[in-house]
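Spelled out, the chains give:
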Protein chains: 2
Amino acid sequence: MTERVDTVDAPVPGSGAGRTPVTKSRLVEAGRALMIERNAVDFSLQDVAARSGLNSALVKYHFGNKDGLLLAILEQDAGHAVAQMRKLSGRDMTATAKLAAHVRGVIETYHRRPYMNRLVHLAMHELGPQAADQVAQFFVTPLVAFQRELLAKGVETGEFRPVEPVFFYHSVIGACEHLFVSQAAMRRVFGEQAFDDDLCRRYSAHVVDLVSRGVLRDGGEG
Amino acid sequence: MTERVDTVDAPVPGSGAGRTPVTKSRLVEAGRALMIERNAVDFSLQDVAARSGLNSALVKYHFGNKDGLLLAILEQDAGHAVAQMRKLSGRDMTATAKLAAHVRGVIETYHRRPYMNRLVHLAMHELGPQAADQVAQFFVTPLVAFQRELLAKGVETGEFRPVEPVFFYHSVIGACEHLFVSQAAMRRVFGEQAFDDDLCRRYSAHVVDLVSRGVLRDGGEG
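Residues numbered from 1 in each chain as written. Chains lettered and ligands numbered in written order. Predicted model: local features only at pLDDT ≥ 70, side-chain atom pairs only at ≥ 80, totals over all residues. Heavy atoms only, no water.

Each helix and strand in chain A was counted, giving 10 helices and 0 strands. When the helices and strands of chain A are placed in sequence order, the string is α-α-α-α-α-α-α-α-α-α. Here chain A holds 222 residues, and the buried ones make up 54% of them. A separation threshold of at least 6 residues defines the contact pool for chain A, and within that pool the share at least 24 residues apart is 67%. Total accessible area on chain A is roughly 10,100 Å²; 50% of this is exposed by carbon and sulfur atoms. (Helix = DSSP H or I, 4+ residues; strand = E, 2+ residues; numbered from the N terminus. Buried < 20%, exposed > 50% of the residue type's maximum accessible area, 1.4 Å probe, protein only. Contact = heavy atoms within 4.5 Å. Areas by Shrake-Rupley, 256 points an atom, 1.4 Å probe, with all protein chains shown as cover.)

What follows is the structure, given as structure tokens:
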């Protein structure tokens, strides 16, 4: 599904399609743009072709099918997120400050790629066991490993109380993503509200506060 | 879609189907049992017929179609949850204790009805605006109202710091439901783990701790 063919694409008339990496990344970009526009993981290979200016057969050639393209988009997005975490992990900051930066990073990722959490759930439940294993490997496992290390460090420095990392993962990621999962509910219950940078910033501040206070050792400080 | 017809059902041979309320509740029970068994909101009218021993035409008669049956199941489940909240609201307890009981109740609801959060998202996003409005009205709005009142009370008694209720709703419900949304992810990353009462109890304790500490006023106590 994710086999990589390092060869020159069949040229597509009028598209100026060049070498493989460019074509693949144009297809990935087109799929991502469609999901953001439609606020859904719902598009056809024809849509991707129209959007990218490339032939829809190239999706089949590079990704096998639409599911393969979806997974490739998710893998790239997850790669960015994991790289950010690794960078954060190496920085010289308190565990408390790293936790705050992590929560802000997760919410920012969902804000910039609002299709992402639906894509994760789709890959985990509906694209077959192989896709689920891939997502577990390139996304969930490194995310949990990062949090586990962060929690251990916080306990070591006396900042955090001991917390079960797997439970922490569920509660924090669930809190971060729910604002995005339920945009429709939000509009219906709370009225039209601009889903903008400011809302995300305020929501980030709320979750950072809730989670930091939630894990700080009694008598510790934020 | 939810029109109620208070009349006697056409008798179904061999089913012993009696009066409307019995038939409706047998269909609701059958749909619920199928979703729990399959861990999916995926069943056909024929499945419901086979399971309930009633004719599939009765689903159409009582609920319009499968979507109508799904909404009826959700409305009943939400009704139980909202009734629990109202009861809790009237009890003579501290806001901190009520918050803990509320979180445990939400997680228990998801544990006993694991299809529920998928059903809420389905109704909110894919069954049309009327369904979304209904769910907002019978579930999300009373839930947020309960939490808003609880937070206000906690601030009044000096137990809680002020927290934005809509943000609180997202973060707490997201934390509660994520364990259930991502059972598949959990198994893949953390290995087969019994999804049993004990796991839910421990997860409840974690979320109660995290959220309570998260909203307690500085210098307050759990």
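Residue and element names in this part refer to chain B. With 19 residues, helix α1 (residues 20-38) should cover 27 Å at 1.5 Å per step; its first-to-last C-alpha distance of 27 Å lies within 8% of that length. Taken as a whole, α1 has its buried residues at T20, T23, K24, L27, V28, A30, G31, R32, A33, L34 and M35. Tucked inside the fold, the buried residues of α1 contact α2 (45-52), α3 (57-63), α4 (66-90) and α6 (116-125). (Expected span 1.5 Å × (residues − 1).)

For the rest of this paragraph, the subject is the side chain of T109 of chain A. Residues and elements named next belong to chain A. Here T109 lies in helix α5 (residues 95-112). For T109, a relative accessible area of 15% gives the class buried. Leave out the neighbours within four places in its chain, and T109 touches Q84 and M116.

One can find H121 of chain B in helix α6. Only 3.2 Å separates the side chain of H121 of chain B from the side chain of E177 of chain B, close enough to count as a polar contact. Apart from residues no more than four positions distant in its own chain, H121 of chain B is found in contact with V181 of chain A together with E126 and E177 of chain B. (Polar contact = N/O pair within 3.5 Å; in protein donor to acceptor, adjacent residues only side chain to side chain.)

Chain A puts 45 residues into the contact, and the matching count from chain B is 45 residues. Here chain A packs against chain B, burying approximately 4,000 Å² in sum over the two surfaces, 68% of which is carbon and sulfur. Contact with chain B buries area across many residues of chain A, yet F167, H170 and R213 of chain A alone supply 18% of it, more than any other trio. In this structure, the connection of chain A to chain B is made through 4 salt bridges. One salt bridge connects R213 of chain B with D218 of chain A, and the closest N-O pair in it is separated by 2.7 Å. Inspection of the region where chain A meets chain B yields 12 residue pairs in polar contact (both at pLDDT 80 or more). Listing elements by their share of the side of chain A that touches chain B, those giving two or more residues are α6 (116-125), α7 (129-156), α8 (165-181), α9 (183-190) and α10 (197-215) of chain A. Grouping the amino acids of the side of chain A that touches chain B by side-chain chemistry returns 27 nonpolar, 10 polar and 8 charged. (Buried area = accessible area lost by both parts, 1.4 Å probe. Salt bridge = Lys/Arg side-chain N within 4 Å of Asp/Glu carboxyl O. Nonpolar A, V, L, I, M, F, W, Y, C, P; charged D, E, K, R; others polar.)

Time to look at the relation of the copies chain A and chain B. Here chain A sits on chain B after a turn of 180° about the axis and a move of 0.0 Å along it, with an RMSD of 0.0 Å. Read as a symmetry element, the transformation amounts to a two-fold axis. Of the residues that chain A buries at the interface, 100% are likewise interface residues in chain B, meaning the two copies contact each other through the same surface. (Least-squares fit on C-alpha atoms with pLDDT ≥ 70 in both.)

The next subject is the pattern of salt bridges. This structure, assessed with the given rule, holds 20 salt bridges over all chains. A salt bridge links D198 of chain A to R201 of chain A; its shortest N-O distance comes to 3.9 Å. On the criterion of helical spacing, the pair formed by D198 of chain A and R201 of chain A is a turn pair, its members being 3 residues apart in helix α10. Classification of D198 of chain A as partly exposed rests on a relative accessible area of 37%. For E108 of chain B, the salt bridge identified is with R112 of chain B, shortest N-O distance 3.9 Å. Residue E108 of chain B and its partner R112 of chain B are located together in helix α5 (residues 95-112), separated by 4 residues, close to a single helical turn. Connected via shared salt-bridge partners are E29, R32, D77 and R113 of chain A.

The next thing to look at is the state of the cysteines. For the coordinates displayed, the defined rule picks out 0 disulfides over all chains. In this structure C176 of chain B is not part of a disulfide, and its nearest cysteine sulfur, from C200 of chain B, lies 11 Å away. (Disulfide = S-S within 2.5 Å.)

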